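# Residue-level structural notes
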Amino acid sequence: MRKTIAVLALSLLATHVMAAVSPEEAAKLGTTLTPVGAEKAGNADGSIPAWTGGIPKNAGAVDSKGFLADPFASEKPLFVITAATVDKYKDKLSDGQVAMFKRYPETYKIPVYPTHRTVNLPPEIYESIKRSALNVKPINDGNGLEGFTGNRYYAFPIPKNGVEVLWNHITRYHGGNLRRIITQATPQTNGSYTPIRFEEEVAVPQLIPDMDPAKAANVLTFFKQSVTAPARLAGNVLLVHETLDQVKEPRLAWIYNAGQRRVRRAPQVAYDGPGTASDGLRTSDNFDMFSGAPDRYDWKLVGKKEMYIPYNSYKLDQPTLKYDDIIKAGHINQDLTRYELHRVWEVVGTVKPSERHIYAKRHMYIDEDSWQVALVDHYDGRGQLWRVAEGHAQFYYDHQTPAYTVETLYDIIAGRYIALGMKNEEKSSFVFGFAAKAADYTPAALRAEGVR
């Protein structure tokens, strides 16, 4: 009898885990919760304000290259956390941030500004989120999604476990089809670096008019990355078909090598395979703070907490800055950064006993308003803190799209880091809504893209 009850309890638990939320729960979206599933109310002392709809599309000027004016340019920090004062604020910092103060006690700082809940999304994305809440269910132990059709965004706006929180980051809104020119730096310990320049495109199947629905049924996004500098790397092109269920159908990737003039499959562009031109300082799944399949980890949802995270990083994106103003020895120029107090989802990923990855544990903090990963502490197989990631985010208010200004990943053991996503010196900011064609995301198209 006892065994029967136990089996029944497990069955009911599994049913609960696998079910989409009820209509009553989904009705919280836009009422007690924001339309994306964040808490609408502020915190008890008002240091985190209530969400009142985000900032408007005309919150600031947009220059001829598409760069945004800082709507908070006149604000000064409330306080600046330094190595001398870090112990006072440890409860709102990650272990990785605290470690950065120990590694760079003279130069690392966290300037904390007033909190602004700037994020809002287009109405059609809110409608998609409601559909997701009612219809999407996890399959394959949470590594795939069922019922995720049409405009596919934010699979689990009312998440029940850690992997569902992570899926919201993976399936978040990027502004539709997106083009960008960005620069990556991997400084030596003395701060010297060679800029690596990329031209990238992200396209979603539902916004490609001539896309065969059958071919894109399990594709979340198409990603193309061309290296344009330095000369020794120029002409190499990467194409990725980012699949939804990567257990059922692994990520598909191809590389055109300009030196060999060949297109080859690239299965190494996944998990802990090395990131493009990263000098071994990031993995493939470090891109976008976390990307790819979640299946090698068990994801534990710790809960929510208030933390100082990089936010509204408009100052860091100003086109008046040079990359030399940003890239410094040890870490980026923290005088250009902005941190705010926000609520985050805390999720810990631990490598499954049957799997392998160079990061044995990933401790993640995900912003409730944007579902973007804000901070990640990466631990090696010995349990030692190894790499500390910070996603310096801004809200592109003119296109109602949250995105990263710069992603940093600090190796606190080696004393080196990688900074990805800078565009201050480029000819334009992000280009949203370009017209994509299905033929552009085939292996056959790579050779033409990679001609030097």
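Residues numbered from 1 in each chain as written. Predicted model: local features only at pLDDT ≥ 70, side-chain atom pairs only at ≥ 80, totals over all residues. Heavy atoms only, no water.

Where an unreviewed UniProt entry is consulted, the protein chain appears under the name Outer membrane lipoprotein-sorting protein, with the organism given as Pseudomonas fluorescens LMG 5329.

Take the side chain of Arg343 next. Mapped onto the secondary structure, Arg343 falls in strand β12 (residues 339-351). Within the structure, Arg343 has its side chain in polar contact with the backbone oxygen of Glu39 (distance 3.1 Å). Of the polar contacts made by the side chain of Arg343, one reaches the side chain of Glu368; its length is 2.8 Å. Non-local contacts of Arg343, meaning those with residues more than four positions away in its chain, are made with Glu39, Ala41, Gly42, Asn43, Ile48, Arg117, Lys305, Glu306, Ile366, Asp367 and Glu368. (Helix = DSSP H or I, 4+ residues; strand = E, 2+ residues; numbered from the N terminus. Polar contact = N/O pair within 3.5 Å; in protein donor to acceptor, adjacent residues only side chain to side chain. Contact = heavy atoms within 4.5 Å.)

Bringing the confidence of the model for the protein chain into the picture now. Of all residues in the protein chain, 95% attain a pLDDT of 70 or more, and the chain-wide mean is 94. With pLDDT under 50 throughout, residues 1-17 is counted as low confidence; its partners more than four residues away or in other chains account for three contacts. (pLDDT = per-residue confidence, 0-100.)

Looking now at the pattern of salt bridges. The tally for this structure, following the rule as stated, stands at 22 salt bridges. Across the salt bridge formed by Asp91 and Lys92, the nearest N and O atoms sit 3.5 Å from each other. Of the residues examined, Lys92 reaches a relative accessible area of 21% and is grouped as partly exposed. Put simply, Arg338 and Glu340 hold a salt bridge, and the shortest N to O gap is 2.7 Å. The exposure classification of Arg338 matches that of Glu340, with both residues buried. (Salt bridge = Lys/Arg side-chain N within 4 Å of Asp/Glu carboxyl O. Buried < 20%, exposed > 50% of the residue type's maximum accessible area, 1.4 Å probe, protein only.)

As for its position among the elements, Ile181 is in strand β5 (residues 178-185). Classification of Ile181 as buried rests on a relative accessible area of 12%. Residues Ile181 and Phe223 lie 42 residues apart in sequence; the distance between their C-alpha atoms is 13 Å. Contacts of Ile181, omitting those with residues within four sequence positions, involve Arg197, Phe198, Glu199, Met422, Lys423, Glu426 and Lys427.

Next up on the list: helix α5 (residues 123-135). Across its 13 residues, α5 extends 19 Å between first and last C-alpha, which sits within 8% of the 18 Å expected from 1.5 Å per residue. Within the span of α5, buried status applies to Ile125, Tyr126, Ser128, Ile129, Ser132 and Ala133. What you see down the axis of α5 is that its buried residues fit within an arc of 160°, all on one side. Contacts from the buried residues of α5 go to α2 (23-26). (Expected span 1.5 Å × (residues − 1). Arc of directions from axis to C-beta.)

Turning our attention to the nonpolar core. Among the nonpolar cores identified, the biggest contains 81 residues, and Leu121, Ile129, Leu145, Tyr154, Trp167 and Trp299 are the most heavily contacted of them. Setting aside its immediate chain neighbours within four residues, Tyr154 contacts Leu121, Ile125, Ile129, Ser132, Phe148, Asn168, Thr171, Arg172, Tyr173, Ser370 and Trp371. Counting 33 residues, the second largest nonpolar core, distinct from the first, contains Ala99, Tyr108, Val112 and Val388. (Core = buried A, V, L, I, M, F, W, Y, C linked by side-chain atoms within 4.5 Å.)

Turning our attention to the environment of His331. Inspection of the secondary structure assignment puts His331 in the loop between α7 (323-326) and β12. We classify His331 as buried; its relative accessible area is 4%. Residues His331 and Met100, spaced 231 residues apart in sequence, show a C-alpha to C-alpha distance of 9.1 Å. Those residues in contact with His331 that sit more than four places away from it in its chain are Met100, Tyr104, Thr107, Tyr108, Tyr410 and Tyr417.

Structurally, Asp317 can be placed in the loop between β11 (297-310) and α7. Within the structure, Asp317 has its side chain in polar contact with the side chain of Lys423 (distance 3.0 Å). Not counting residues up to four positions away in its chain, the partners in contact with Asp317 are Phe67, Gln394, Tyr396, Thr405, Lys423 and Asn424.

This paragraph deals with the environment of Lys322. Within the fold, Lys322 resides in the loop between β11 and α7. Put simply, Lys322 and Met422 are 100 residues apart on the chain and 9.8 Å apart in space, counted from C-alpha to C-alpha.

Two elements, strand β8 (residues 237-243) and strand β9 (residues 252-257), share five bridges in a ladder whose sense is antiparallel. Looking at the pairing, Leu239 lines up with Trp254 of β9. Pairing of β9 with strand β10 (residues 262-265), which is carried by four bridges, proceeds in the antiparallel orientation. Within β10, the residue paired with Trp254 across the bridge is Arg265. The antiparallel hairpin formed by β9 and β10 contains four residues in its connecting segment, where Arg261 sits at a positive phi of about 55°. (Pairing = 2+ DSSP bridges.)

Before going further, it helps to examine the packing of aromatic side chains. The geometry of an aromatic ring pair is captured by two quantities: the separation of the ring centres and the angle between the planes. Here the structure, examined in full by the defined rule, presents 17 aromatic pairs. A centroid spacing of 5.2 Å and a plane angle of 40° characterise the contact between Tyr297 and Trp299, whose relative ring orientation is tilted. Taking the relative accessible area as the measure of exposure, Trp299 reaches 11% and is therefore buried. Considering the side-chain rings of Trp345 and Trp371, the 5.6 Å spacing of their centres and the 20° angle between planes classify their relative orientation as stacked. Within this pair, whereas Trp345 is found in strand β12, its partner Trp371 is found in the loop between β13 (361-367) and β14 (373-379), the two being separated by 26 residues in sequence. (Phe/Tyr/Trp six-rings, centres within 6.5 Å; stacked < 30°, edge-to-face > 60°.)

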